[in-house]
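Geometric and topological summary
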Amino acid sequence: MDARIASARQKIAVYLAEADQQGLADCPIRSVVQNVFDKWSSLLLMALAEQPYRFGALRRLIPDISQRMLTQTLRDLERDGYVHREVFPTKPPSVEYSLTEMGHQMYDSLQHVLHWAENNHARVLAARARFDAAS
């Protein structure tokens, strides 16, 4: 994609022209960020940006996530290259997760969105309440 193309309309037109019969299903933006903005990824990425964690420690840190969902989310982030999984040869084997270089680069940008979300949470909830009341 040429960086000089600035408007969303132009970018989407280019994505459609480059796409096969799937349309925008494989749009570069959607493809790259789909796992970053799912339900649990941002919290896991925020934790891993601070330090490596073992699976059990992540499970205790985010108690609302099921073991199955934690495993799947970590696998998705590992598949995308954001998370590194290291297995230690202990009995039983222990596993530690950390951010890769690309994961740290991505988190450098993501943290701005996360801070915005924290700072504007009350405003978003108020907007939702106004919308729901008017519906």
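Quick summary incoming for the structure in this document. Bear in mind the structure is a predicted one, so any value in this text is a computation, not a measurement.

1. Brief notes about the environment of Thr100
Examined against the element boundaries, Thr100 turns out to sit in the loop between strand S3 (94-99) and helix H6 (101-134). A residue is classified by how much of its surface remains accessible, and Thr100, at 21% relative accessible area, is partly exposed. Measuring from C-alpha to C-alpha, the distance between Thr100 and Arg85 comes to 9.5 Å, with 15 residues separating the pair along the chain. What Thr100 contacts, discounting residues up to four positions off in sequence, is Gly81, Tyr82, Val83 and His84.

2. Overview of the layout of surface pockets
Vacant regions in the atomic arrangement are exposed by a probe of water-molecule size rolled over the atoms. Roughly 210 Å³ of volume is contained in the largest pocket. Taken together, Val36, Phe37, Asp38, Lys39, Ser42, Leu43, Met46, Val113, Leu114, Ala117 and Glu118 make up the lining of the largest pocket. Taken together, the elements giving at least two residues each to the lining of the largest pocket come down to helix H3 (41-50) and H6. The dominant element in the lining of the largest pocket, judged by the number of residues it contributes, is H6, at four residues. Looking at the lining of the largest pocket, its residues break down into seven nonpolar, one polar and three charged.

3. So, the sheet that holds strand S1 (residues 53-54)
Note: strands within a sheet are paired through backbone hydrogen bonds, in either parallel or antiparallel orientation. Read across the sheet, three strands follow the order S1-S3-S2 without closing on themselves; strand pairing throughout is antiparallel. The sheet is open, and its two borders are formed by S1 and strand S2 (83-88), each paired with just one other strand. Bridge analysis of S1 against S3 gives two bridges, and the strand direction is antiparallel. Looking at the pairing, Arg54 lines up with Glu96 of S3. Here H3 sits on the sheet and contacts S1, S2 and S3; the angle it forms with S3, its principal contact strand, is near 90°.

4. What to know about a nonpolar patch on the surface
A contiguous nonpolar patch, built from Ile29, Val32, Val33, Phe37 and Val113 and spanning about 420 Å² of accessible area, is present on the exposed surface. Take the nonpolar patch: its biggest share by element is three residues, from helix H2 (residues 28-33). The residue Val113 is located in helix H6 in this model. For Val113, a relative accessible area of 42% corresponds to the partly exposed category.

5. Notes on the packing of H3 against helix H5 (residues 67-79)
Closest axis-to-axis distance for the H3/H5 pair is 10 Å, and the angle between their directions is 70°. Overall, the two elements H3 and H5 adopt an arrangement that is roughly perpendicular. As for the relative orientation of H3 and H5, their crossing is right-handed in sense. Of H5, the residues touching H3 (which contributes Ser41, Leu44, Leu45 and Leu48) are Leu70, Thr73, Leu74 and Leu77. Here the residues of the contact of H3 with H5 sort into six nonpolar, two polar and no charged.

6. Some points on the pairing of S2
Judged from the six bridges that link them, S2 and S3 form a sheet pairing that is antiparallel. Its bridge partner being in S3, Val83 is matched across the sheet by Leu99.

7. A few points about the side chain of Ser94
In this structure, Ser94 sits in strand S3. Ser94 sits in the buried class, given a relative accessible area of 12%. When near neighbours in sequence (up to four residues on either side) are disregarded, Ser94 contacts Arg54, Glu86, Val87 and Phe88.

What counts, and at which threshold
Residues numbered from 1 in each chain as written. Predicted model: local features only at pLDDT ≥ 70, side-chain atom pairs only at ≥ 80, totals over all residues. Heavy atoms only, no water. Helix = DSSP H or I, 4+ residues; strand = E, 2+ residues; numbered from the N terminus. Buried < 20%, exposed > 50% of the residue type's maximum accessible area, 1.4 Å probe, protein only. Contact = heavy atoms within 4.5 Å. 1 Å grid on protein atoms, 1.4 Å probe; cavity = no way out; pocket = protein on both sides within 12 Å on 5 of 7 lines; lining within 4 Å. Points joined across faces, edges and corners; volume = space filled by probe spheres on them. Nonpolar A, V, L, I, M, F, W, Y, C, P; charged D, E, K, R; others polar. Pairing = 2+ DSSP bridges. Axes fitted to C-alpha atoms, helices over the stretch in contact; angles between N-to-C directions. Patch = residues over 30% accessible without salt bridge, like charges linked within 9 Å, V, L, I, M, F, W, Y side chains within 5 Å. Areas by Shrake-Rupley, 256 points an atom, 1.4 Å probe, with all protein chains shown as cover. Salt bridge = Lys/Arg side-chain N within 4 Å of Asp/Glu carboxyl O. Parallel < 35°, antiparallel > 145°, perpendicular 65-115°, else oblique. Left-handed = near helix turned anticlockwise from the far one by under 90°.

By themselves, these figures tell us nothing about what the structure is for.
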